[in-house]
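Residue-level structure breakdown
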Amino acid sequence: MTRYNITVPKKYEKNGEEKTAWNKVGTLVRFPTTEGKTECYILELNMFPETKFAIFEDKPREERGENE
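Residues numbered from 1 in each chain as written. Predicted model: local features only at pLDDT ≥ 70, side-chain atom pairs only at ≥ 80, totals over all residues. Heavy atoms only, no water.

What follows is about the pairing of strand β2 (residues 17-31). Where strand β1 (residues 2-14) lies against β2, 13 bridges are found, and the strand directions are antiparallel. Note on β2: the bridge partner recorded for lysine 10 is alanine 21. With antiparallel pairing between neighbouring strands as the criterion, β1 and β2 make up a hairpin whose turn holds 2 residues, including asparagine 15 at a positive phi of roughly 55 degrees. Where β2 meets strand β3 (residues 40-45), 6 bridges bridge the pair, whose relative direction is antiparallel. Within the sheet, the bridge partner assigned to arginine 30 lies in β3 and is tyrosine 41. (Pairing = 2+ DSSP bridges. Helix = DSSP H or I, 4+ residues; strand = E, 2+ residues; numbered from the N terminus.)

Once that is clear, we can look at the pattern of salt bridges. Overall, the coordinates contain 3 salt bridges when judged by the stated rule. The partner of glutamate 39 in a salt bridge is arginine 30, and the shortest N-O contact between them spans 2.6 Å. Owing to a relative accessible area of 31%, glutamate 39 belongs among the partly exposed residues under this scheme. In this structure arginine 30 comes out as partly exposed when scored by relative accessible area, which is 23%. (Salt bridge = Lys/Arg side-chain N within 4 Å of Asp/Glu carboxyl O. Buried < 20%, exposed > 50% of the residue type's maximum accessible area, 1.4 Å probe, protein only.)

With that out of the way, let us pick up the packing of aromatic side chains. If you walk through the whole model with that rule in mind, you get 1 aromatic pair. Measuring from ring centre to ring centre gives 5.9 Å for phenylalanine 48 and phenylalanine 53, while their planes differ by 80 degrees; the resulting arrangement is edge-to-face. (Phe/Tyr/Trp six-rings, centres within 6.5 Å; stacked < 30°, edge-to-face > 60°.)

So, on to the side chain of threonine 27. Within the secondary structure, threonine 27 is located in strand β2. In this structure, threonine 27 is in contact with Arg3, Tyr4, Ile6, Ile42, Leu43 and Glu44, ignoring residues within four places of it in sequence. (Contact = heavy atoms within 4.5 Å.)

Written out as structure tokens, the structure reads:
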């Protein structure tokens, strides 16, 4: 399992210099392929605290397994 931060840039000025702050808005979690399961991702967005979005590769219907 690998976790990734999802961020958005916010520009601001400090001492006359433009800077960028990277505000975290969520997390993407990658689950690698294991025996019997394909790789998938879970997206967690702070604006939807009670919702986890499952992300799967888009495959033609005939190539999908029963569990997808």
